[in-house]
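One-letter residues, chain by chain:
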Amino acid sequence: MSEAESLLAQIYEPQDLKNLSFKALNQLAAEIREIIVSTVSKQGGHLASNLGVVELTIALHRVFNSPQDKIIWDVGHQCYTHKLLTGRYEEFPSLRQAGGLAGFPKRTESPHDAFNTGHASTSISAALGILTGEWLQGKRNRVVAVIGDGALTGGLAYEALSHAGQLHLPLVVILNDNKMSISPNVGGLSKYLSRLTMKARYQWFRRNFDSMAKRLPLVGSAFFDMVVRLKRAVKAVFYTDNFFVDLGFEYVGPIDGHHIQQLEQVLQDVRRLDRPVVVHVITRKGKGYQFAEKDPGSYHGVSSFSISGGLAPEEPAAEEPDTSQQEPVLSPVTIPVINILPDRWGNGSFTDAFNRAILDAGGRDTRVMAITAAMEKGTGLSPFKAAFPTRFFDVGIAEEHAVTFAAGLAAQGMRPVVAVYSTFIQRAVDQVIHDVAMQKLPVLFALDRAGFVSDDGETHQGLFDIALFRPVPNMTILAPAGGLELKRMLDWALASVEPAMIRYPKALCPPEIHALSLPLERGKGVFIREWGASVCLAFTGSLYTEVWDAADRLLGLNIAADLYNLRFLKPVHEDYLAKIMNRYELMVFIEEGIIEGGFGEYATELAYRRQCTAQIRVLGIRGNFGTLGKREELLHISGLDGEGIAASVRRFYGENRILPYSRMVP
Ligand SMILES: Cc1ncc(C[n+]2csc(CCOP(=O)(O)OP(=O)(O)O)c2C)c(N)n1
């Protein structure tokens with residue numbers, strides 16, 4: 001389609017939608033779907049959720065006047081149509097690229113993005129706050145929260161609903177019900193919404209009653225308010241248990257979320273209400289792209305794919321290794337020759353390695369349980385679920401509950417493993433402290449996506465876990481550098497019967513080397529290269545590849561460095577680490593996390609306390625949340641790729657004139 005024929009190319013702001021016929025709007029919806037599919041097929045992104053809200057977004061922008069009226073997108077992963085309709089069509093090809101359009105709403109990007117989102121279940125609270133602020137200033141703009149049935153499983157949403165019922169301001173909550181979180185939605189609420197939808201008798205009555213009322217001459221929709229009030233009475237007969245009504249909301253729905261005209265009529269009426277309302281909209285996730293409609297879970301967030309063929313089929317699961325012969329051999333710490341081991345445990349990504357390790361552990365011990373907060377696929381737990389369905393729990397987007405639920409399981413002698421992204425465990429800091437660590441309950445946290453995360457920007461970076469949880473008594477924090485080491489850590493942590501975390505990146509596992517297969521010793525790391533150099537690079541596992549690269553580059557500058565994989569970020573065998581810090585002239589701690597409160601700061605304090613002789617330097621992320629880009633780009637920007645680390649070490653070396661170069665190479 002040429003630019004001249006394209007309707008979308010003529011939409012510079014939502015106002016431009018207002019003169020289009022419904023026929024034209026449907027054509028526009030088709031165009032938007034095409035653009036979304038083609039853009040996401042090239043550079044990845046959230047597909048199914050975006051395809052599901054095209055008509056809903058058009059209708060919202062027809063009825064509400066953004067940016068004066070504000071639309072808050074929960075999670076924000078479904079905002080692509082909103083971006084396309086609010087002046088960002090031309091930039092859309094830069095979606096999720098470094099320096100380009102974010103995949104989530106961003107206030108700095110457009111006045112139409114009223115609130116930044118990324119983590120689920122925040123929209124109603126944020127919208128209520130914005131609305132209250134508007135009203136206190138005497139403004140009468142409308143505020144709309146668009147929340148999915150998945151995000152509505154999160155506790156924050158209920159706190160906000162309750163408060164909104166109390167404030168009784170005209171907040172509009174659009175409940176986008178597609179029966180899906182990332183995977184099929186779970187829990188009592190999901191069943192409840194289905195019951196609401198299925199009440200055919202009620203629906204029949206509602207449709208007829210509404211249209212009858214609106215057809216009445218003169219009164220029509222002006223009396224919609226009264227109708228809504230009347231419907232309450234009707235519900236008392238037909239539908240006594242509407243949760244939203246009981247909280248103080250009007251409830252309208254369910255409505256076909258792909259019927260622009262019907263949506264618009266309802267939203268026009270809702271816009272005039274003077275009290276909070278929930279509009280229950282039924283949509284189909286993946287709508288309009290057959291592969292995504294059929295399997296919305298797999299098309300929730302995707303990397304590039306072929307439009308005609310869909311996603312490449314998943315690799316068949318690796319054969320289960322026989323662990324009976326694999327007892328680790330104790331060997332000396334010095335590893336002069338690097339042995340590349342067969343990649344059985346580290347094949348693929350760290351997530352794959354975790355999933356193989358927990359499957360193996362679950363097969364050996366029936367007390368091993370897996371818990372996810374709506375991230376079954378992302379955390380790689382599907383094989384565990386298939387193998388041990390009664391020991392798998394998806395609790396919905398409820399990280400806080402996931403943690404305390406696991407604590408309860410642990411108190412009963414189970415070995416729960418909570419698999420959660422580093423960024424989302426931030427939700428549950430108090431539960432980790434209060435319900436797990438304080439009681440020393442053996443809950444194991446598998447913190448996926450720890451460190452920099454590609455493509456999703458600030459909201460999804462996993463930079464805080466070390467600083468948040470290192471200070472917590474009783475907590476062990478482990479950082480594997482490869483898949484086999486991850487397995488060793490998982491087995492060790494499950495056997496240790498204490499609270500523990502294993503943090504690993506969204507990255508491919510490096511080839512296994514012997515040093516990474518060595519058994520764990522509490523509080524100690526392991527040298528992966530020990531030449532007796534004067535410089536030592538001590539790093540968190542996720543930076544293994546970058547540190548090797550840096551070491552190679554430094555050799556090119558005639559600077560040799562020993563490499564020490566920290567393994568334990570907590571607890572630390574302080575005598576052991578202090579001894580190491582006395583052996584070197586320069587010790588550089590490198591971590592994929594924020595510096596403030598991180599491992600390096602602790603090590604610096606230890607060096608001071610023990611009066612160690614090495615100069616200590618720390619590399620990490622300082623004073624920012626990361627940004628949009630690929631993990632490699634973000635590491636580069638932060639000086640944590642091989643080039644950056646080598647340059648810093650070179651600089652430290654020069655600053656301190658530690659040693660003549662000649663002493664550096666063995
Ligand atoms: C606190 C938190 N936990 C997990 C996620 C990961 N996540 C992103 S979207 C999503 C599902 C959202 O489902 P729903 O709200 O129904 O929206 P839909 O994708 O179905 O449109 C999840 C679990 C998140 N963004 N925030």
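So, a few notes on the structure that sits alongside this text.

Each value, and the rule that gives it
Residues numbered from 1 in each chain as written. Predicted model: local features only at pLDDT ≥ 70, side-chain atom pairs only at ≥ 80, totals over all residues. Heavy atoms only, no water. Pairing = 2+ DSSP bridges. Helix = DSSP H or I, 4+ residues; strand = E, 2+ residues; numbered from the N terminus. Axes fitted to C-alpha atoms, helices over the stretch in contact; angles between N-to-C directions. Polar contact = N/O pair within 3.5 Å; in protein donor to acceptor, adjacent residues only side chain to side chain. Contact = heavy atoms within 4.5 Å. Buried < 20%, exposed > 50% of the residue type's maximum accessible area, 1.4 Å probe, protein only. Parallel < 35°, antiparallel > 145°, perpendicular 65-115°, else oblique. Left-handed = near helix turned anticlockwise from the far one by under 90°. Nonpolar A, V, L, I, M, F, W, Y, C, P; charged D, E, K, R; others polar.

1. Examining the sheet that holds strand 16 (residues 561-565)
Piece 1. What the 5 strands build is an open sheet, ordered 14-16-15-18-19; its pairing is mixed. Strands with a single pairing partner mark the edges of an open sheet, and in this sheet they are strand 14 (526-529) and strand 19 (615-621). Taken pair by pair, the neighbouring strands of this sheet meet at an average axis angle of 25°, ignoring direction.
Piece 2. Judged from the 5 bridges that link them, strand 15 (residues 535-539) and strand 16 form a sheet pairing that is parallel.

2. Some thoughts on the side chain of Thr 117
Piece 1. As for its placement among the helices and strands, Thr 117 is situated in the loop between helix 4 (80-85) and helix 5 (123-136).
Piece 2. Within polar-contact distance, the side chain of Thr 117 engages the backbone oxygen of Trp 73 at 2.9 Å.
Piece 3. A distance of 3.5 Å separates the side chain of Thr 117 from the backbone oxygen of Val 75, its partner in a polar contact.
Piece 4. Other than its neighbours up to four places away in sequence, Thr 117 contacts Ile 72, Trp 73, Val 75, Gly 76, Phe 104, Pro 105, Thr 122 and Thr 459.

3. Some points on the side chain of Gln 43
Piece 1. Secondary-structure assignment places Gln 43 in helix 1 (residues 22-43).
Piece 2. Relative accessible area serves as the criterion here: at 17%, Gln 43 is assigned to the buried category.
Piece 3. Polar contacts involving the side chain of Gln 43 include one to the main-chain carbonyl oxygen of Pro 93, which spans 2.7 Å.
Piece 4. Ignoring any residue separated from it by four or fewer positions in sequence, one finds Gln 43 in contact with Phe 92, Pro 93, Ser 94, Leu 95, Arg 96 and Gln 97.

4. Here we look at the packing of helix 1 against helix 3 (residues 54-63)
Piece 1. Direction vectors running N to C along helix 1 and helix 3 enclose 130°, while the axes themselves pass 10 Å from each other. Put simply, helix 1 runs oblique to helix 3. Handedness of the crossing formed by helix 1 with helix 3: right-handed. Within the contact between the two elements, helix 1 uses Phe 22, Leu 25, Leu 28, Ala 29, Ile 32 and Arg 33 and helix 3 uses Val 54, Glu 55, Ile 58 and Arg 62.
Piece 2. Looking at the contact of helix 1 with helix 3 residue by residue, the class counts come to 7 nonpolar, no polar and 3 charged.

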